[in-house]
Amino acid sequence: MKTYRNFINGQWLESTSDQTAPNVNPANTDDVLGTVRLATREEARRAVEAASEAFRAWRAMPAPARGRIIARAARLMEDDRENLAAILTREEGKTLGEARGELQRSINVIEFCASESRRMNGETIQSELPANFAYTIKEPHGVVACITPWNFPVAIPVWKIAPALVAGNTVVFKPATITPETAIRITELFNEAGLPKGVLNLILGSGSEAGDEIVNHRAVRAISFTGSNGVGLKLYEQAARRGIPVQCEMGGKNPVVIMEDADMTLAVESTAQGAFGSSGQRCTATSRVVVVEEIADEFICRIVERAVKLKLGDGANAETEVGPLVDRNQFQNVLRYIDIGKEDGANLVCGGEVAQGPGLRKGFFIQPTVFDRVTPDMRIAREEIFGPVLSVLRVKDFDEAMIVANDSEYGLSSSIFTNDAARIFRFVDEIETGMTHINSPTTGGEAHIPFGGIKSTGIGPREQGSTALDFYTELKVVYVDYTGRKREGNLY
């Protein structure tokens, strides 16, 4: 059985820690991929110091030259696509189709960020003083900590690491410990593309030890995090005490609004895709359906019919539509929320049980679950479940639908199904989410378009798109006085 190693200053090094964690296939817990030795504080410290040492030379490299290295990583990932997709499926559980989609998104992001290396532009500004030239330039922070979750273990690291490196930062990458093999392969590909030693370092360790050492190290000048609200807010507090920028993408409780004039077939299929794809383990997953009473019964009938037909199984099998939950903790947490929904009085109309059948006994499979007559005060309507559980809330009209849809501490993504142009534009104006979709699922995004949320979902600038480099750069203002004379007057 393999033991996963850290990557520090250009070398693969096995941790000296005696704390370990198994890497288990969630579709078949008899299939153990390897063992993670959880990195020590000292090892995390060495990774930060290596990144700090490498920073001066890396930032001095012209941005287009950095971009060429990053672009090579995209080509290497493209060549390795099928291998990496198979690793992702075996380690995280999503279907091969979903894994391939994640790989394509990752390649697109790297390509886009590489091209941005030729647009690291500032602006010239007309000074109010004669014979004075003012302009701005973008500069890297220094060492950036990239802390990533398990649910998109290729795409999320890529959309943090690629812009950070293009901007001239060096990186300490700490992924979730339950998806180490994909993290290692990503690091290998960037390294094979030609990164100098120390520019990208990988630490496999717990948040309480290795993670804490990284985010509190004085050489770390920015932190980008995706994960839970509890951890994100703690990181925000730690960064604030040190006066460094932090970017957090956290929870979601994404609503889809279905009006009486909606294309019902499209609405049902899109909702099923958004709610049950990736086993509901997406921050953009459709978690709440806000449907007008007039068509609610029809919607319930049809979404249940669709849910019970979904094929559960090992994501490596071509016919599988829904894979397992990622590990036992997530599996038990989703079952706990299903019990909470029952106790709170929601009407369980579909699923709600551990999935049974050939090939499912040794995995973390839960039936796609639908609750009807959920009210806005119920916990399953308010808290992020991160599993294949859909809550249906009935409303009388569009105005009530908007009140219910916005009644959430989160604000990541949303969707509406209607053919009424006025309602569409009112929805766009009034919905309190960072992203919204019209007649399509709450999920999805593109490499060149910003991604992120508002309210308790997001802190800091958006990820991806033309805004991706905003977080990873500082703006410096330059004044050039070529009068050759002492300036007169107030120099405020």
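Here the structure is shown first, and the text comes after it.
Conventions used here
- Residues numbered from 1 in each chain as written.
- Predicted model: local features only at pLDDT ≥ 70, side-chain atom pairs only at ≥ 80, totals over all residues.
- Heavy atoms only, no water.
- Patch = residues over 30% accessible without salt bridge, like charges linked within 9 Å, V, L, I, M, F, W, Y side chains within 5 Å.
- Areas by Shrake-Rupley, 256 points an atom, 1.4 Å probe, with all protein chains shown as cover.
- Salt bridge = Lys/Arg side-chain N within 4 Å of Asp/Glu carboxyl O.
- Lys, Arg positive; Asp, Glu negative; His and termini not counted.
- Charge placed at Lys NZ, Arg CZ, Asp CG, Glu CD.
- Buried < 20%, exposed > 50% of the residue type's maximum accessible area, 1.4 Å probe, protein only.
- Helix = DSSP H or I, 4+ residues; strand = E, 2+ residues; numbered from the N terminus.
- Contact = heavy atoms within 4.5 Å.
- Pairing = 2+ DSSP bridges.
- Axes fitted to C-alpha atoms, helices over the stretch in contact; angles between N-to-C directions.
- Phe/Tyr/Trp six-rings, centres within 6.5 Å; stacked < 30°, edge-to-face > 60°.
- Polar contact = N/O pair within 3.5 Å; in protein donor to acceptor, adjacent residues only side chain to side chain.
- Core = buried A, V, L, I, M, F, W, Y, C linked by side-chain atoms within 4.5 Å.

Draft legend 1. Quick look at a negative patch on the surface. On the surface, Asp-339, Glu-343, Asp-344, Glu-353 and Asp-377 cluster together into a patch of negative charge. For Glu-343, a relative accessible area of 65% gives the class exposed.

Draft legend 2. View of the environment of Arg-382. When you line up the elements, Arg-382 lands in helix α12 (residues 379–382). On the basis of relative accessibility, which here comes to 30%, the residue Arg-382 falls in the partly exposed class. Considered as a pair, Arg-382 and Glu-353 are 29 residues apart in the sequence and their alpha carbons are 21 Å apart. Leaving out residues up to four positions away in the same chain, Arg-382 has contacts with Lys-253, Pro-376, Asp-377, Asp-407, Ser-408 and Tyr-410.

Draft legend 3. Broad picture of the sheet that holds strand β16 (residues 369–372). Spatial ordering of the open sheet is given by β15-β16-β17-β14-β13-β19-β20, a layout of 7 strands whose pairing is mixed. Taken across any chain shown, the strands that pair with only one partner, and hence form the sheet edges, are β15 (347–350) and β20 (437–438). Across the sheet, helix α10 (residues 293–309) touches β13 (254–258), β14 (286–292), β15, β16 and β17 (389–395), and the angle it forms with β14 is around 145 degrees.

Draft legend 4. Focus on unusual backbone geometry. The backbone phi angle of Ala-131 is positive, close to 55 degrees, even though this residue is not glycine. Tracing the backbone shows Ala-131 in the loop between β6 (124–126) and β7 (132–140). Located in the positive-phi region is Arg-373, a residue other than glycine, with phi close to 55 degrees. Along the chain, the position of Arg-373 falls in the loop between β16 and α12.

Draft legend 5. Up close: the packing of aromatic side chains. In the structure shown here, the tally under the stated rule is 6 aromatic pairs. Between Trp-159 and Phe-451 the ring centres are 5.4 Å apart and the planes differ by 45 degrees, which places this aromatic pair in the tilted class. Of this pair, Trp-159 sits in helix α5 (residues 155–166) while Phe-451 sits in the loop between β20 and β21 (454–455), and the two are 292 residues apart along the sequence. Between Phe-331 and Phe-364 the ring centres are 5.6 Å apart and the planes differ by 45 degrees, which places this aromatic pair in the tilted class. Separated by 33 residues along the polypeptide, Phe-331 in helix α11 (residues 328–343) and Phe-364 in the loop between β15 and β16 bring together distant segments of the chain.

Draft legend 6. Quick look at the pattern of salt bridges. Using the criterion set out here, one finds 35 salt bridges in the structure. The shortest N-O distance in the salt bridge between Arg-45 and Glu-42 comes to 2.5 Å. Remark: Glu-42 and Arg-45 occur in helix α1 (residues 41–60); sequence separation between them is 3 residues, near one turn of the helix. Taking the relative accessible area as the measure of exposure, Arg-45 reaches 25% and is therefore partly exposed. A salt bridge links Arg-59 to Glu-139; the shortest N-O distance between them is 3.7 Å. Here the residue Arg-59 occupies a position in helix α1, and Glu-139 occupies one in strand β7, the gap between them amounting to 80 residues. On the accessibility criterion, Glu-139 (18% relative accessible area) is buried. Within this structure, Arg-41, Glu-42, Arg-45, Asp-212 and Glu-213 form a network of salt bridges that share partners.

Draft legend 7. Local environment of the sheet that holds strand β23 (residues 473–481). Across the sheet, 3 strands lie side by side as β6-β7-β23; this open sheet has antiparallel pairing. Because the sheet does not close on itself, it has two edges, and the strands there are β6 and β23. This sheet shows a mean twist of 25 degrees between the axes of neighbouring strands, independent of strand direction.

Draft legend 8. Summary view of the environment of Ser-413. Mapped onto the elements of the fold, Ser-413 is located in the loop between β18 (410–411) and β19 (415–417). With 23 residues separating them along the chain, Ser-413 and Thr-436 place their C-alpha atoms 5.4 Å apart. There is a polar contact of 2.6 Å between the side chain of Ser-413 and the backbone oxygen of Thr-442.

Draft legend 9. Expanded view of the nonpolar core. In this structure, Ile-70, Met-77, Leu-165, Phe-190 and Leu-195 are the most contacted members of the largest nonpolar core, which totals 62 residues. Sorting elements by how many residues they give to this core places α5 first, with 9 residues. Apart from the residues lying within four places of it in its own chain, the contact partners of Phe-190 are Ile-70, Ala-73, Ile-110, Val-158, Ile-161, Leu-165, Leu-195 and Leu-200. By size, the runner-up hydrophobic cluster in this structure holds 61 residues, among which are Val-256, Phe-371, Val-395 and Ile-431.

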